[in-house]
Amino acid sequence: MSVAKDICLGGIQKCSLIDFPGKVSCVVFVTGCNFRCPYCHNPELVKNNGSPHRRLDNNIILNFLKQRQGLLDGVVISGGEPTLQPGLFAFCQKLKELGYAVKLDTNGTRPDVIRGLLRAGLVDYIAMDIKAALVDYSLFTPKDSVASKIQKSIQLIMEFASAYEFRTTCIKPIINEASVRSIAEMIEGAMLYALQRLRKTRVLRPDFFENGRGTCEDSELHHLRSIALHFVKDCIIR
Ligand code: SF4
């Protein structure tokens, strides 16, 4: 089995019960990302832009998935940022040919790719990160202005995705009442918004957390959730 253009895969989790809602899934991790989130817990994937010696053969992954047909329900494509991969469309087609449901994790900066995948029916669930209020995105991607792309991706997902979630990793002081209100207004009417606790193991920039920056406490998360619930259909803390 071969794909027209490979995607750069840097890792695989062969079985997960928590990454694809309602499905037993395999998670594949692409290399390379256009963001540098201080709390990213896959720093080796973000820094590695697909150097050949770190790259997993797509055919081996697809053959593994062929052997797991009937045992796994879905495949999560995570990263890194999957939408940067030129071979993503073809890879998703192969997953569909094998009968898998596909979940895409994305930072939402490539709305054209999201549109193409949704139009072709190649993605069943999209989880899009909303890192912060749009005015604070320079913390995550200093070189680019991504506001219009983020807004476009939100619009496409809410209009065309059959199942989706938006999610924010809650770090103080970037995530607060005002930023959650701003984010929730952007996704008003959304099916699901997840407020995520920070996992500080193996982060991209440990120095970032030396000045009192850290995860929101549970009481703060519950307060933020109550704000978000004025705008979205459901909001969870995870
Ligand atoms: S958290 Fe996601 S978007 Fe941010 S650097 Fe890591 S892979 Fe990229």
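Structure shown above.
Described in the following lines is the structure provided in the data block. (Residues numbered from 1 in each chain as written. Predicted model: local features only at pLDDT ≥ 70, side-chain atom pairs only at ≥ 80, totals over all residues. Heavy atoms only, no water.)

## Thoughts on the sheet that holds strand β1 (residues 9-16)
The pairing of strands in a sheet comes from backbone hydrogen bonds and takes either a parallel or an antiparallel form. Taken in spatial order, the eight strands line up as β1-β2-β3-β4-β5-β6-β8-β10 in an open sheet, and their pairing is mixed. Whereas interior strands pair on both sides, the edge strands pair on one side only; in this sheet they are β1 and β10 (235-237). Between one strand axis and the next, the sheet turns by 20° as a mean value, whatever way the strands run. Its contacts with the sheet place helix α2 (residues 58-67) against β1, β2 (25-30) and β3 (74-78), and it is angled at close to 10° to β1. In the packing of helix α7 (residues 218-228) onto the sheet, contacts are made with β8 (193-196) and β10, and the angle to β10 comes to roughly 170°. (Pairing = 2+ DSSP bridges. Helix = DSSP H or I, 4+ residues; strand = E, 2+ residues; numbered from the N terminus. Axes fitted to C-alpha atoms, helices over the stretch in contact; angles between N-to-C directions. Contact = heavy atoms within 4.5 Å.)

## Regarding the state of the cysteines
Evaluated as defined, the whole model comprises zero disulfides. We note that C92 lacks a disulfide partner, and the nearest cysteine sulfur, in C26, lies 13 Å from it. C92 sits in the buried class, given a relative accessible area of 1%. (Disulfide = S-S within 2.5 Å. Buried < 20%, exposed > 50% of the residue type's maximum accessible area, 1.4 Å probe, protein only.)

## Concerning the pairing of β8
By the alternation rule, side chains of β8 split into Y193 and L195 and A194 and Q196, which are all buried. The sheet contact formed by strand β6 (residues 164-169) and β8 spans four bridges and is parallel. Directly across from T168, in β8, lies its bridge partner L195.

## Topic: the site of the ligand
In the neighbourhood of the ligand, the contacting residues comprise C33, F35, C37, C40, V46, G79, G80, N107 and K131. Across the shell around the ligand, the residue classes break down as five nonpolar, three polar and one charged. (Near = heavy atom within 4 Å. Nonpolar A, V, L, I, M, F, W, Y, C, P; charged D, E, K, R; others polar.)

## Considerations on the pattern of salt bridges
Counted by the stated rule, this structure contains 13 salt bridges. Across the pair K103 and D105 runs a salt bridge whose closest N-O atoms are separated by 2.7 Å. For K103, a relative accessible area of 3% translates into the label buried. Given the relative accessible area of 8%, D105 is considered buried. One salt bridge in this structure joins R115 and D112, with 3.0 Å as the shortest N-O distance. In this pair, R115 and D112 both sit in helix α4 (residues 111-119), three residues apart, roughly one turn of the helix. (Salt bridge = Lys/Arg side-chain N within 4 Å of Asp/Glu carboxyl O.)

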